[in-house]
Amino acid sequence: AKKVAVIGAGVSGLVSLKCCVDEGLEPTCFERTEDIGGLWRFKENVEDGRASIYRSVITNTSKEMSCFSDFPMPEDFPNFLHNSKLLEYFRIFAKKFDLLKYIQFQTTVLHVKRRPDFSSSGQWEVVTQSAGKEQSAIFDAVMVCSGHHILPHMPLQSFPGVERFQGQYLHSRQYKRPAGFEGKRILVIGIGNSASDIAVELSKEAAQVFISTRKGSWVLSRISEDGYPWDSVFHTRFSSMLRNVLPRTIVKWMLEQQMNRWFNHENYGLQPQNKYLLKEPILNDDLPSRILYGAVKVKPRVTGLTETSAIFEDETVEEDIDVIVFATGYTFAFPFLEESLVKVEDSRVSLYKHMFPPQLEKATLACIGLIQPLGSIFPTVELQARWATRVFKGLCSLPTEKTMMEDIVTRNERRIDLFGTSQSQILQTNYIDYLDELASEIGAKPDLVSLFFQDPKLALKLYFGPCNSYQYRLTGPGQWEGARRAILTQKQRILKPLKTRSLKASSPHPTSLLLTVMGLLAIVMALFFHIWF
């Protein structure tokens, strides 16, 4: 069996371990801390070299869209999980597949180097440190699963006067809870998910919270049509097909209508500067209401700071600012790798399909999780790991370096066209398209045409229902016999934690049924007269 080094025991590392075992590889995972979970394991103190979250973090993607493809989350788990609940799922997953025995905790990877005979062997020397002792081992392949929420991006040079500011300022990475911020006037800079979460949470204790944004953002609720999780409604193959085939102007108009359905973003000062980019929206159920009654005030870009005040692009000034929270995102680096392997330029790296360095003679190194899909990261990294392990085994092959470089350039141009040039969108990619792309590499993409004839009930669910990870276990390597049932019963698992009060089933009233039929007829007639007259 080939030996594989897995760097990091967060979500990417755990699923990479399982994929290695599934393919008969021999993995060893190096985790610099004392436990699994990575980003999702809350700790009271910020630690160097480790992701840090605030206590109240809740997932933005629902459990049915976030679970691993052959391991549904427990039925009684809520649809959106507190970080502690998600960590519990990871622990159940690690125990079920006996993954902990492959992990060396409190072990830091210092260097990953190509062996002198790399061009023929594809092997790597991995140097680690544990308890003050350095060790070296040879591996046939390496999976980099160290994440990209570690190095804070804090562009202080863009805020003239920050050196004179007498209050407290910190990066969102350092924020843990609202205690200690009571009665203060707080400025949050940024408009991502962390910025909005922190602004909303602080506004419940602070005297006033301001949120400063350069370009604005769409804001979605986690609750969508009929109360179902937003992503189970938004991420369907049918919807994805429409977004791909309809003219861009129509798609942009439809998205704008959909985003403004909850509230008019222009009225709240949140409408994106370029509202037609498909950049990731904010998922926050409380931000509009906090703005509505003044606890949070939206401000434009900060152009300068004084000892106690903030000056904004519209020349307004907010006095007596006590705290500034820079929710300005992250950058990333790989200090243990040779710079030529995964070179970071302009906050991005050139990797084939976001995974493989194209210039290597042997495809024995893959980055897992260095991506930001418009949907859940968990099924994404799982498919990445499934493909990478089969490449390591020689069951899948990569194209030539020239072809890979051309793909990288084309993909980046497409990303800029869809998502823009913002630093926060560097790793952005379409969701279902990318999942299907990875699944096609290993022969796990479902064949909808065949299914329509063989199993029409399942085919309809696949096409019009939520596109979740179970779909990629129906066929191909790693096929799971429970996949079909998981797809057909997902609605039960969505509703189970909601129905904690038993109700008698109500039958539809005859009058309401009649009104529904009449309404449909009215719509048809209106369309008929619109077309012909």
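Conventions adopted
- Residues numbered from 1 in each chain as written.
- Predicted model: local features only at pLDDT ≥ 70, side-chain atom pairs only at ≥ 80, totals over all residues.
- Heavy atoms only, no water.
- UniProt positions renumbered as here; feature names shortened; annotations may be inferred.
- pLDDT = per-residue confidence, 0-100.
- Contact = heavy atoms within 4.5 Å.
- Pairing = 2+ DSSP bridges.
- Helix = DSSP H or I, 4+ residues; strand = E, 2+ residues; numbered from the N terminus.
- Disulfide = S-S within 2.5 Å.
- Buried < 20%, exposed > 50% of the residue type's maximum accessible area, 1.4 Å probe, protein only.
- Patch = residues over 30% accessible without salt bridge, like charges linked within 9 Å, V, L, I, M, F, W, Y side chains within 5 Å.
- Areas by Shrake-Rupley, 256 points an atom, 1.4 Å probe, with all protein chains shown as cover.
- Salt bridge = Lys/Arg side-chain N within 4 Å of Asp/Glu carboxyl O.
- Lys, Arg positive; Asp, Glu negative; His and termini not counted.
- Charge placed at Lys NZ, Arg CZ, Asp CG, Glu CD.
- Phe/Tyr/Trp six-rings, centres within 6.5 Å; stacked < 30°, edge-to-face > 60°.
- Lys NZ or Arg CZ within 6 Å of the ring centre and 35° of its normal.

- In the nomenclature of an unreviewed UniProt entry, the chain corresponds to Flavin-containing monooxygenase from the organism Spermophilus dauricus.
- As stated in UniProt under Sequence similarities (unreviewed entry), the record for the chain gives "Belongs to the FMO family."

**A few points about the confidence of the model for the chain**
Here's step 1: Looking at the chain as a whole, the pLDDT averages 90, with 90% of positions reaching at least 70.
Here's step 2: Below pLDDT 50 for its whole length, residues 526-533 participates in zero contacts with residues either more than four positions away or in separate chains.

**So, the pairing of strand β15 (residues 302-305)**
Here's step 1: Summarising the sheet, β15 and strand β16 (residues 310-312) pair through three bridges and their orientation is antiparallel. By the bridge assignment for β16, Leu-305 is matched with Ala-310.
Here's step 2: Counting the residues between successive antiparallel strands, the hairpin from β15 to β16 contains four residues.

**Digging into the state of the cysteines**
Here's step 1: Taken as a whole, this structure holds zero disulfides when the rule is applied.
Here's step 2: Cys-20 provides the cysteine sulfur closest to Cys-19, a residue in no disulfide bond, and the two sulfurs are 7.3 Å apart.
Here's step 3: Residue classification places Cys-19 among the buried positions, given a relative accessible area of 4%.
Here's step 4: In this structure Cys-145 is a free cysteine whose sulfur lies 7.3 Å from that of Cys-29, the closest cysteine sulfur available.
Here's step 5: Classification of Cys-145 as buried rests on a relative accessible area of 6%.

**As for unusual backbone geometry**
Here's step 1: Positive phi outside glycine occurs at Ala-131, with the angle close to 55°.
Here's step 2: Among the structural elements, Ala-131 can be located in the loop between β5 (124-130) and β6 (133-139).

**Regarding the sheet that holds β16**
Here's step 1: Taken together, three strands build an open sheet; the order of strands is β15-β16-β17 and the sheet is antiparallel. Edge strands, defined here as strands with exactly one partner in the open sheet, are β15 and β17 (317-318).

**Remarks on a positive patch on the surface**
Here's step 1: A surface patch of like charges, here positive, comprises Lys-457, Lys-461, Lys-491 and Lys-499.
Here's step 2: Looking at the element boundaries, Lys-499 is found in the loop between α16 (490-495) and α17 (510-532).

**Focus: the packing of aromatic side chains**
Here's step 1: Tallying each qualifying case throughout the model produces 26 aromatic pairs.
Here's step 2: When the ring of Tyr-463 is compared with that of Phe-464, the centres are 5.0 Å apart and the planes differ by 85°; the resulting orientation is edge-to-face.
Here's step 3: Looking at Tyr-463, the relative accessible area reads 18%, which means it is buried.
Here's step 4: Under the relative-accessibility criterion, Phe-464 is labelled partly exposed at 47%.
Here's step 5: Pairing Tyr-470 with Trp-480 gives two aromatic rings, centres 6.4 Å apart and planes at 45°, and the pair type is tilted. On the criterion of sequence distance, the pair formed by Tyr-470 in the loop between α14 (456-464) and α15 (483-488) and Trp-480 in the loop between α14 and α15 is long-range, its members being ten residues apart.
Here's step 6: Its relative accessible area of 0% is what places Tyr-470 among the buried residues.
Here's step 7: An aromatic cluster is present here, built from Trp-40, Phe-68, Phe-71, Tyr-89, Phe-90, Phe-93, Phe-97 and Phe-378 joined pairwise through their rings.
Here's step 8: Against the face of Phe-80 rests Arg-222, its NZ or CZ located 5.8 Å from the ring centre.

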